[in-house]
Amino acid sequence: EPEVTQTPSHQVTQMGQEVILRCVPISNHLYFYWYRQILGQKVEFLVSFYNNEISEKSEIFDDQFSVERPDGSNFTLKIRSTKLEDSAMYFCASKEGRNTEAFFGQGTRLTVV
Amino acid sequence: QKEVEQNSGPLSVPEGAIASLNCTYSDRGSQSFFWYRQYSGKSPELIMFIYSNGDKEDGRFTAQLNKASQYVSLLIRDSQPSDSATYLCAATISNFGNEKLTFGTGTRLTIIP
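Our subject in this report is the structure included herewith. For clarity, every value in this text was computed on a predicted model and none was experimentally measured.

So, on to the nonpolar core. Within the largest apolar cluster, 24 residues are counted, with the highest numbers of intra-cluster contacts made by Phe33, Trp35, Val72, Leu74, Ile76, Tyr87 and Leu109 of chain B. Among the elements of the structure, β3 (19-25), β4 (33-38), β5 (45-50), β7 (61-66), β8 (71-76), β9 (85-95) and β11 (107-112) of chain B are those that each provide at least two residues to this core. It is β9 of chain B that contributes the most residues to this core, five residues altogether. Contacts of Leu74 of chain B, omitting those with residues within four sequence positions, involve Ala19, Ser20, Leu21, Trp35, Met48, Phe61, Thr62, Ala63 and Tyr87 of chain B. Listed in part, the 21 residues of the second largest apolar core include Leu46, Val67, Phe75 and Val112 of chain A.

Structure follows, in structure tokens:
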């Protein structure tokens, strides 16, 4: 069964460093998303990506964040100059079309120390 | 702010009983609604989705949607200990043609053997 895959599963980084979180969405899906979940809190929308560009971003998604789809399969989230409060689970999701269900990857646990 | 609201629980239900989870949403333009199950430290897993008013059944799960009341619910029949998890309600919020899932805070469900 097709699935969204994310790497790494766990990343520890020092404050101020840059991290890149990687995702491979399901192959025929057209809409891509990044969400994050701080421990004990709700799943929060970060950014959506469609047709090779950002379609919407949240207030959280400031200049520290960027997304790329460098080739036909990968979808990355870059966090520049990480802060302690960036520690969270980061989920990638993809869906086939409008009003369809989104499938989530297993997540990357980011720990900033 | 377009919101999805859930009672955070915890909700405790005896094994074999019916668990009833509720959710309200604020955006009348929302067209699709989803229930995800999330085990601690894991990613959201899709359980049910519903687009039309009324009931939708899948095995032990029934989703109910009332657009007039902006209310979505999930019933779990014959509850099993393995159903113990946090259940996330999500709605598709459209913004100038862009879609994103907005999640509630989740309801923590415990099935008591």
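Bringing the interface of chain A and chain B into the picture now. At the junction of the two partners, chain A supplies 23 residues and chain B supplies 25 residues. It is Lys42, Glu56 and Asn99 of chain A in chain A that bury the most area against chain B; as a group they hold 30% of the surface buried on that side. For the interface between chain A and chain B, the tally reads four salt bridges. Lys95 of chain A is paired through a salt bridge with Glu99 of chain B; the nearest N and O atoms lie 2.4 Å apart.

Time to look at the environment of Val12 of chain A. Topologically, Val12 of chain A is positioned in strand β2 (residues 10-13). Note: C-alpha distance between Val12 of chain A and Ser87 of chain A (75 residues apart in sequence) is 9.1 Å.

The phi angle of most residues is negative, glycine excepted, and most peptide bonds adopt the trans form. Cis geometry marks the peptide bond from Thr7 of chain A to Pro8 of chain A, where omega comes out at -10 degrees. Positionally, Pro8 of chain A belongs in the loop between β1 (5-7) and β2. Notably, Gln70 of chain B is not glycine yet its phi reads approximately 55 degrees, a positive angle. The residue Gln70 of chain B is located in the loop between β7 and β8 in this model.

To continue, consider the packing of aromatic side chains. Following the criterion strictly, the structure yields 17 aromatic pairs over all chains and no others. With 5.5 Å between their ring centres and 40 degrees between their planes, Phe32 of chain A and Phe75 of chain A make a pair best called tilted. Taken together, the residues Phe32 of chain A in strand β4 (residues 31-37) and Phe75 of chain A in strand β8 (residues 75-79) connect sequence positions 43 residues apart. For the ring pair Phe61 of chain A and Phe65 of chain A, a centre distance of 5.6 Å and an interplane angle of 25 degrees mean the geometry is stacked. Residue classification places Phe61 of chain A among the buried residues on the basis of a relative accessible area of 5%. Grouping aromatic residues by their ring pairs yields a cluster made of Tyr33, Tyr35, Phe45, Phe91 and Phe104 of chain A together with Phe34, Tyr36, Phe49, Tyr51 and Phe103 of chain B. Over the ring of Tyr31 of chain A we find Lys95 of chain A; its NZ or CZ atom is 5.6 Å from the centre of that ring.

About the criteria used
- Residues numbered from 1 in each chain as written.
- Chains lettered and ligands numbered in written order.
- Predicted model: local features only at pLDDT ≥ 70, side-chain atom pairs only at ≥ 80, totals over all residues.
- Heavy atoms only, no water.
- Core = buried A, V, L, I, M, F, W, Y, C linked by side-chain atoms within 4.5 Å.
- Buried < 20%, exposed > 50% of the residue type's maximum accessible area, 1.4 Å probe, protein only.
- Helix = DSSP H or I, 4+ residues; strand = E, 2+ residues; numbered from the N terminus.
- Contact = heavy atoms within 4.5 Å.
- Buried area = accessible area lost by both parts, 1.4 Å probe.
- Salt bridge = Lys/Arg side-chain N within 4 Å of Asp/Glu carboxyl O.
- Phe/Tyr/Trp six-rings, centres within 6.5 Å; stacked < 30°, edge-to-face > 60°.
- Lys NZ or Arg CZ within 6 Å of the ring centre and 35° of its normal.

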